[in-house]
Amino acid sequence: MKKYLFCIAIIGLMFGCNAEKKDYAADESVSKEVVIADAADTTAAPKIIKTADMRFRVKDVQQTKEQLSATIKAQGGTVMEFSINSSIQESDKVKYSADSLKEITAYRKEGLVIAKIPSEKLDDFTNTVAKMAVFVDNQAMKMDDQSITYLANKLKAQNRVDAVNTINKTAKRQGNNVETSLNIKDDYVDKKIENMNIDSRVKFSTITLNFYQDNTVKTLIVGNDNLYDYRPGFFQRLGLSIVAGWSFLKEFILGVSTLWPFLAIGLGLFFGIKAYLRRRKV
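Note that the coordinates shown come from a computational prediction; the quantities given were computed from them, not determined experimentally.

1. Side note on a nonpolar patch on the surface
Line of reasoning, step 1. A cluster of nonpolar side chains, Trp246, Phe248, Leu249, Phe252, Ile253 and Val256, forms an exposed patch at the surface whose accessible area comes to about 660 Å².
Line of reasoning, step 2. The residue phenylalanine 252 is located in helix 6 (residues 234-257) in this model.

Set out below in structure tokens:
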């Protein structure tokens with residue numbers, strides 16, 4: 001009886017191992033089919049990233065910025081960054097009246113717009129921008145093929161899925177390696193995010209627009225900051241100077257008058273010494 005039971009147990013183990021091998025082989029074949037399908041899908045849709053740059057002169061920077069914003073919105077794009085800067089080329093101040101000056105300033109105005117445009121509309125958009133310009137300094141477009149990188153990320157992500165499945169299957173026999181599983185999952189997420197970024201950059205192209213206008217001269221009446229110009233006129237200052245001199249003379253006389261004792265002593269000594277010397281000569 002024991003022999004029969006032992007034979008039945010061996011047969012059951014053999015069938016269980018064969019079933020496990022079949023399941024693993026089935027999973028492996030499914031993974032390979034997924035990888036092949038992903039590769040076929042990727043090669044069928046090239047991942048081309050377009051970037052463009054333009055620099056051009058316009059009549060009015062502020063007006064052009066507003067036109068660009070409206071055009072980008074109409075094309076289904078988004079303005080990512082913009083700025084307008086004015087740099088003073090030359091400035092001077094000339095006298096306009098007794099208490100004001102005319103400030104004359106020559107300045108240069110420049111604008112920057114960075115936008116994302118649907119890739120299929122990039123050529124039309126650049127043609128529209130060129131019509132806004134008085135003169136186009138330079139215009140360039142770059143195409144970067146990320147198909148291989150995209151495929152590599154996809155295959156690596158699938159490899160990480162297979163690795164996690166293998167760890168989960170062997171965890172009961174070898175212990176669950178949680179840290180290894182988490183690292184593999186994080187790598188999988190990173191590859192997926194990279195491909196999502198590539199998809200976004202393929203769908204929307206980045207264009208950088210630099211534009212400027214001719215030097216502009218602007219005049220402005222400002223307050224006179226030269227303190228010398230606020231002094232009284234010549235004759236008024238002359239009268240004030242005479243009065244100030246008379247006041248100074250009076251103060252000098254008053255100051256000297258306070259020294260009369262010393263003056264008296266000095267005069268006494270002077271005449272005394274002079275008389276003594278005269279008697280000696282006689």
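2. Describing the packing of helix 2 (residues 61-74) against helix 3 (residues 122-132)
Line of reasoning, step 1. The N-to-C vectors of helix 2 and helix 3 enclose an angle of 160 degrees; their axes lie 11 Å apart at closest approach. Classified by the angle between their axes, helix 2 and helix 3 sit roughly antiparallel to one another. When the axes of helix 2 and helix 3 are compared, the crossing they make is right-handed. Across the interface between the two elements, Gln67, Leu68, Thr71 and Ile72 of helix 2 pack against Phe125, Thr128, Val129 and Met132 of helix 3.
Line of reasoning, step 2. Per-class residue counts for the contact of helix 2 with helix 3 are five nonpolar, three polar and no charged.

3. Comments concerning the confidence of the model for the chain
Line of reasoning, step 1. Confidence along the chain averages 78 in pLDDT terms, with 77% of residues attaining 70 or more.
Line of reasoning, step 2. Confidence, read as mean pLDDT per element, is least for helix 1 (residues 2-44) in the chain (45) and greatest for strand 5 (residues 204-212) (94).
Line of reasoning, step 3. pLDDT under 50 marks residues 1-9. Its contacts with residues more than four places away, or in other chains, come to zero contacts.
Line of reasoning, step 4. For residues 13-40, every residue scores under 50 in pLDDT, and the model assigns this stretch 11 contacts once sequence neighbours within four places are set aside.

4. Some remarks on the side chain of threonine 105
Line of reasoning, step 1. Residue position: threonine 105 is located in strand 3 (residues 100-118).
Line of reasoning, step 2. A residue is classified by how much of its surface remains accessible, and threonine 105, at 12% relative accessible area, is buried.
Line of reasoning, step 3. Once residues within four sequence positions are removed from consideration, threonine 105 is found in contact with Ile88, Glu90, Ser91, Thr216, Val217 and Lys218.

5. Here's the deal with the pairing of strand 1 (residues 48-57)
Two faces belong to every sheet, and in a regular strand the side chains alternate between them.
Line of reasoning, step 1. Direction of pairing for strand 1 relative to strand 4 (residues 135-145): antiparallel, over a ladder of 10 bridges. Of the residues in strand 4, the one forming a bridge with aspartate 53 is alanine 140.
Line of reasoning, step 2. With seven bridges joining them, strand 1 and strand 5 adopt parallel strand pairing. Each bridged residue has a counterpart across the sheet, and for threonine 51 the counterpart in strand 5 is threonine 206.

6. A look at the nonpolar core
Line of reasoning, step 1. Phe56, Ile207, Leu209 and Phe211 are the most contacted members of the largest nonpolar core, which totals 18 residues.
Line of reasoning, step 2. When residues of this core are traced back to their parent elements, those giving at least two are strand 1, helix 2, strand 3, helix 3 and strand 5.
Line of reasoning, step 3. The element that contributes the greatest number of residues to this core is helix 3, accounting for four residues.
Line of reasoning, step 4. Excluding residues within four positions of it along the chain, phenylalanine 211 makes contact with Phe56, Val58, Val61, Thr64, Lys65, Leu68, Lys109, Glu110, Gly111, Leu112 and Val113.

7. A word on the side chain of lysine 191
Line of reasoning, step 1. As for its position among the elements, lysine 191 is in helix 5 (residues 178-203).
Line of reasoning, step 2. Buried and unpaired, lysine 191 has glutamate 194 as its nearest opposite-charge partner, separated by 4.3 Å.
Line of reasoning, step 3. Every residue in contact with lysine 191, bar those within four places of it in the chain, is listed here: Asn153, Lys156, Ala157 and Arg160.

8. Side note on the pattern of salt bridges
Line of reasoning, step 1. Applying the stated criterion to the full structure yields four salt bridges.
Line of reasoning, step 2. Notably, a salt bridge pairs arginine 55 with aspartate 137, separated by 3.7 Å at the nearest N-O pair. Here aspartate 137 lies in strand 4 and arginine 55 lies in strand 1, a separation of 82 residues in the sequence.
Line of reasoning, step 3. With a relative accessible area of 27%, arginine 55 lands in the partly exposed category.
Line of reasoning, step 4. Taking the relative accessible area as the measure of exposure, aspartate 137 reaches 31% and is therefore partly exposed.
Line of reasoning, step 5. Among the salt bridges present, the one from aspartate 214 reaches arginine 57, with a minimum N-O distance of 3.4 Å.

9. Let's talk about the packing of aromatic side chains
Line of reasoning, step 1. A complete count under the given rule lists two aromatic pairs for this structure.
Line of reasoning, step 2. With a centroid separation of 5.4 Å and an interplanar angle of 75 degrees, the aromatic rings of phenylalanine 270 and phenylalanine 271 are classed as edge-to-face.
Line of reasoning, step 3. By relative accessible area, which is 48% here, phenylalanine 270 ends up partly exposed.
Line of reasoning, step 4. Its guanidinium or amino end placed over the ring of tyrosine 150, lysine 47 lies 4.5 Å from that ring's centre, counting from NZ or CZ.
Line of reasoning, step 5. Above the plane of the ring of phenylalanine 82 lies lysine 65, whose end atom (NZ or CZ) is 4.1 Å from the centre.

Here is what the cut-offs are and how they apply
Residues numbered from 1 in each chain as written. Predicted model: local features only at pLDDT ≥ 70, side-chain atom pairs only at ≥ 80, totals over all residues. Heavy atoms only, no water. Patch = residues over 30% accessible without salt bridge, like charges linked within 9 Å, V, L, I, M, F, W, Y side chains within 5 Å. Areas by Shrake-Rupley, 256 points an atom, 1.4 Å probe, with all protein chains shown as cover. Salt bridge = Lys/Arg side-chain N within 4 Å of Asp/Glu carboxyl O. Helix = DSSP H or I, 4+ residues; strand = E, 2+ residues; numbered from the N terminus. Axes fitted to C-alpha atoms, helices over the stretch in contact; angles between N-to-C directions. Parallel < 35°, antiparallel > 145°, perpendicular 65-115°, else oblique. Left-handed = near helix turned anticlockwise from the far one by under 90°. Contact = heavy atoms within 4.5 Å. Nonpolar A, V, L, I, M, F, W, Y, C, P; charged D, E, K, R; others polar. pLDDT = per-residue confidence, 0-100. Buried < 20%, exposed > 50% of the residue type's maximum accessible area, 1.4 Å probe, protein only. Pairing = 2+ DSSP bridges. Core = buried A, V, L, I, M, F, W, Y, C linked by side-chain atoms within 4.5 Å. Lys, Arg positive; Asp, Glu negative; His and termini not counted. Phe/Tyr/Trp six-rings, centres within 6.5 Å; stacked < 30°, edge-to-face > 60°. Lys NZ or Arg CZ within 6 Å of the ring centre and 35° of its normal.

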